Amino acid sequence: MDNLTKLLQAEQAFMSDGAILKNAVIEAALNMDARLLELLMQSDTIKAHFFTPVAGALVFDKVKFQDFVSNKAFLPDSYTAYRNRIGLTNGRDYLSQSRDVVLAWPYKDCVLEGGMTKEDRGRNEVFWNTTLAPDDITRLFEPKVLTGWERWDAEAVAEGKAKPVGEVSEDDNLLIKGNNLLALHSLKARYAGKVKLIYIDPPYNTGTDEFKYNDRFRRSSWLTFMKNRLIIARELLTKDGALVVQIGDHESGSLRMLMDELFDGQFVNQIAVRTKSPSGFKTVNQGVFETAEYLYLYAKNKTSWVYQPQFTASEYDANYKQWIENPNAAPNEWIFRSLHDVVAEQLGYESKKSAIKDLGKPIFEARLAASALEHANRVFRLTTVNDDAGKETLDAKQRSLKTGAVEVVEREGFAPRFIFQGQEISLYSNKVREIDGTQTPSTMLTNIWTDISWEGIAKEGGVTLSKGKKPERLLRRIIEMATKKGDLVLDFFTGSGTTAAVAQKLERRWIAIEQLDYIETLAKKRLKSVIAGDKSGVSKLVSWEGGGSFIYAELAAFNSAFADRIVAAPDMAALQTVHADMQATGYLRYDVDLSAFGTDDFGVLPLDDAKHVLMDCLDANHLYVNLGALGDTDFNVSDEDARATRSFYGISE
């Protein structure tokens, strides 16, 4: 350092007012300036440090030199001394200053279409489209034909027979079976900008769900899977809509980063929900017991989104301990007493002290709480009047200090305010609300939810889901805080159908998507039960008596039907038949050499290997029938299904 300083001070081009121009030195080094190189080679020490002999020549290491000159220990002048700080670096630059640091993962810009259906199980890194050719993406995301249309209302449920659909309106509730990514793109044609709330409970990528990829790429696969779906989900939201994603600890950090990127600046809340309590001797991980899951709430446009205030039951607030003896008198004639004295008298005691001595403190406090609730309009506490309360309130505050009486502040459209001795009389009735049909003291809902039980929900809706079933009370709260009656709610990981069931009971419209076969025995069955007047879950709390309707439809299968046949094939002969049909009518990948199928090599493959080979031949862009092929006779779409599909997309006959 001393040697370099002396050398630089000898060259006027690198000096100004007696100080070395660090930036000029760095620029000269990067430009391989001859003056600087000649200067540096005058010192054997500097030459040995920054020059490397190669084939009889000396090569200047300008990167090493720049790092040295940029180091805070070299020329720590008054300016750079204040810029020295701690941080992560990539060797030279702080990561926070690097434009190369982004939320990235392998295949980030690919489309992960698969990942949950049976044809994907056991396969690694299933990216149905990795080339991203524009025509491929267009074809993959083109709206799909829907078949198997059914309308279920109270009459159809009672008779056990679906009604034909005919016309599809935006007032209809929809239950759709099929790949949710492709179903979302199909919904876009009609529902873009019309969904008020999206709630999803996706696979948590814990290794116990369907994402059984190798450790190196499992998170990448999951992030890609989520990114593809969240992008289109955002387009479906209304301007004042919101999206809520429920997730566990395993991917909560990754999901938060992803959603921050996709919903830039629209984060609203992270809510911790207690889903279980530690009990028995169960051990899951080293460390503290994991009891929470998380809700990430993002708005389409935070300035437009409106939160519908929610309240939870609370205990009696002991600060409310004053009593208005004559509530029917004029406020300036009110007589105040201690609630404790009043309750003691009600119980037949001369004082609070004697009542507690005889009854015990718990019993006396329970009677206090009951009396406060029963007479909430005459029990109060005094609270501070803030300086920004408004001129009329502040004037009333000063008058009350002078007169010693209660001053009233009338407010148009609001309840009057009562000011006494410079403080505001806050009635206990302001804390009492009806929650789940019961008048109870309440408090504002926070971002920590511990009051919703996961116990006893197995039979809600009359269906059982072994993993991931959510309480109807949870969905009720989410739906009520983000929507009003008549709004549209979407869940594209519908599982057992909790979101749709609760939405219908709360008089919201809904769309639910599920691609696994249990849609028939779970969601569909449950929603029929809702129409018939299901009494479980929140039914009693919201006075649900049944009614309403929904429409069921499926994405029209094409290559996915071949996938089903491949999985079900019992032997090689059956696979050869499937292959022949695929060649005749299926869309096969252009980059697969099919000539090997006529050789003996394919015939001697183990059955499972042969199935994987055939599965790889399918062009996944054609798993389902595109809307543009609606009139193609090769797909055998019935007139009834074609008519309902056209109505769904608003296409005239």
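It should be emphasised that the depicted structure is a prediction, and the values quoted were computed from it without experimental measurement.

Definitions and cut-offs
Residues numbered from 1 in each chain as written. Predicted model: local features only at pLDDT ≥ 70, side-chain atom pairs only at ≥ 80, totals over all residues. Heavy atoms only, no water. Helix = DSSP H or I, 4+ residues; strand = E, 2+ residues; numbered from the N terminus. Contact = heavy atoms within 4.5 Å. Areas by Shrake-Rupley, 256 points an atom, 1.4 Å probe, with all protein chains shown as cover. Buried < 20%, exposed > 50% of the residue type's maximum accessible area, 1.4 Å probe, protein only. Polar contact = N/O pair within 3.5 Å; in protein donor to acceptor, adjacent residues only side chain to side chain. Core = buried A, V, L, I, M, F, W, Y, C linked by side-chain atoms within 4.5 Å. Pairing = 2+ DSSP bridges. Axes fitted to C-alpha atoms, helices over the stretch in contact; angles between N-to-C directions. Salt bridge = Lys/Arg side-chain N within 4 Å of Asp/Glu carboxyl O. Phe/Tyr/Trp six-rings, centres within 6.5 Å; stacked < 30°, edge-to-face > 60°. Lys NZ or Arg CZ within 6 Å of the ring centre and 35° of its normal. Parallel < 35°, antiparallel > 145°, perpendicular 65-115°, else oblique. Nonpolar A, V, L, I, M, F, W, Y, C, P; charged D, E, K, R; others polar. pLDDT = per-residue confidence, 0-100.

Right, let's get into the overall build of the chain. Regarding its fold elements, the chain presents 23 helices and 23 strands. Within the chain, residue pairs in contact and separated by at least 24 positions form 69% of the contacts whose partners lie at least 6 positions apart. Accessible area of the chain: about 33,400 Å², with a carbon and sulfur share of 49%.

Secondary-structure assignment places Arg417 in strand β16 (residues 414–420). Arg417 sits in the buried class, given a relative accessible area of 17%. Reaching out from Arg417, the side chain makes a polar contact with the side chain of Glu424 at a distance of 2.8 Å. Excluding its chain neighbours within four sequence positions, the residues that come into contact with Arg417 are Ala389, Thr393, Glu407, Val408, Val409, Arg411 and Glu424.

Once that is clear, we can look at the nonpolar core. Among the nonpolar cores identified, the biggest contains 62 residues, and Leu187, Leu230 and Leu490 are the most heavily contacted of them. Among the nonpolar cores identified, the runner-up in size contains 40 residues, and Ala156, Ala242, Trp454 and Leu527 belong to it.

Take the sheet that holds β16 next. Taking strand neighbours across the sheet as the criterion, the six strands line up as β13-β12-β14-β17-β16-β15 in an open arrangement whose pairing is antiparallel. Each having just a single partner strand, β13 (336–338) and β15 (406–411) make up the two edges of the open sheet. When strand polarity is set aside, the average angle formed by the axes of neighbouring strands in this sheet is 40 degrees. Bridge count for β16 against strand β17 (residues 423–427) is two bridges, and the pairing is antiparallel.

The next point concerns the pairing of strand β9 (residues 267–274). Examined bridge by bridge, β9 and strand β10 (residues 292–299) share seven bridges and lie antiparallel to one another. Of the residues in β10, the one forming a bridge with Val273 is Glu293. Of the pairings in the sheet, the one linking β9 to strand β20 (residues 448–449) comprises two bridges and is parallel in character. Residue pairing in the sheet places Val273 in a bridge with Trp449 of β20.

The full count for this structure, using the stated rule, is 30 salt bridges. Of the charged contacts in the structure, one is a salt bridge between Arg337 and Glu325, with a shortest N-O distance of 3.5 Å. In this pair, Arg337 is assigned in strand β13 and Glu325 in the loop between β12 (322–324) and β13, connecting sequence segments 12 residues apart. Take Arg337: its relative accessible area is 25%, and that puts it in the partly exposed class. When salt bridges that share partners are traced, they join Asp436, Arg473, Arg476 and Glu480 into one network.

This part takes up the side chain of Thr645. Here Thr645 is to be found in helix α23 (residues 639–649). One polar contact links Thr645 to Trp149, side chain to side chain, over a distance of 3.5 Å. From its side chain, Thr645 meets the backbone oxygen of Asp641 in a polar contact 2.8 Å long.

What follows covers the packing of aromatic side chains. Inspection of the entire model under this criterion finds 21 aromatic pairs. With a centroid separation of 5.6 Å and an interplanar angle of 55 degrees, the aromatic rings of Phe60 and Phe65 are classed as tilted. Looking at Phe60, the relative accessible area reads 7%, which means it is buried. Judged by its relative accessible area of 0%, Phe65 falls in the buried class. What links up through ring pairs into an aromatic cluster is the set Phe50, Phe51, Phe60, Phe65 and Phe68. Directly above the aromatic system of Trp449 lies the positively charged group of Arg477, at a separation of 5.0 Å from the ring centroid. Stacked on the ring of Tyr552, the Lys or Arg Lys524 has its end atom at 3.9 Å from the ring centre.

A positive phi angle is found at Ser543, which is not glycine, with a value near 60 degrees. Following the sequence through the fold, Ser543 ends up in the loop between α18 (520–531) and β23 (549–555). You can call Ser543 exposed: its relative accessible area is 57%. With a phi close to 55 degrees, Asn636 is a non-glycine residue in the positive phi region. With respect to the element layout, Asn636 can be found in the loop between α22 (607–617) and α23. Looking at Asn636, the relative accessible area reads 67%, which means it is exposed.

Relative orientation of the contacting elements helix α9 (residues 180–191) and α23 amounts to 60 degrees, with a least axis distance of 8 Å. In terms of their interaxial angle, α9 and α23 are classed as oblique. On α23, the residues touching Ser186, Leu187, Ala189, Arg190 and Tyr191 of α9 are Ser647, Phe648 and Tyr649. Looking at the contact of α9 with α23, its residues break down into five nonpolar, two polar and one charged.

Moving on: the environment of Lys302. The residue Lys302 is located in the loop between β10 and β11 (311–313) in this model. Each C-alpha atom, one on Lys302 and one on Ala242, is 8.6 Å from the other, the two residues being 60 residues apart in sequence. One polar contact links the side chain of Lys302 to the main-chain carbonyl oxygen of Phe267, over a distance of 3.1 Å.

Here we come to the sheet that holds strand β5 (residues 146–153). The sheet built from 10 strands is open, its strands ordered β5-β23-β6-β22-β21-β7-β8-β10-β9-β20 with mixed pairing. Looking at which strands have only one partner, the edges of the open sheet turn out to be β5 and β20. The strands touched by helix α11 (residues 249–262) within the sheet are β8 (237–247), β9 and β10, with β10 carrying the most contacts at an inclination of about 10 degrees.

Right, let's talk about the confidence of the model for the chain for a bit. The predicted coordinates of low-pLDDT regions are not to be read in fine detail. On average, residues of the chain score 84 in pLDDT, and 83% of them reach the 70 mark or higher. Every residue in residues 114–134 scores below 50 in pLDDT, and together they form 61 contacts with partners more than four places removed in sequence or on other chains.

Moving on, we come to helix α16 (residues 472–482). Buried residues dominate α16, accounting for nine of its 11 residues. Taken together, the buried positions of α16 are Glu472, Leu474, Leu475, Arg476, Arg477, Ile478, Ile479, Met481 and Ala482.

On to the pairing of strand β7 (residues 195–200), then. Among the six residues in β7, six count as buried, and that is most of the element. Where β7 lies against β8, five bridges are found, and the strand directions are parallel. Across the sheet, the residue bridging to Leu197 is Ala242, located in β8. Where β7 lies against strand β21 (residues 488–491), two bridges are found, and the strand directions are parallel. If you follow Leu197 over to β21, its bridge partner there is Val489.

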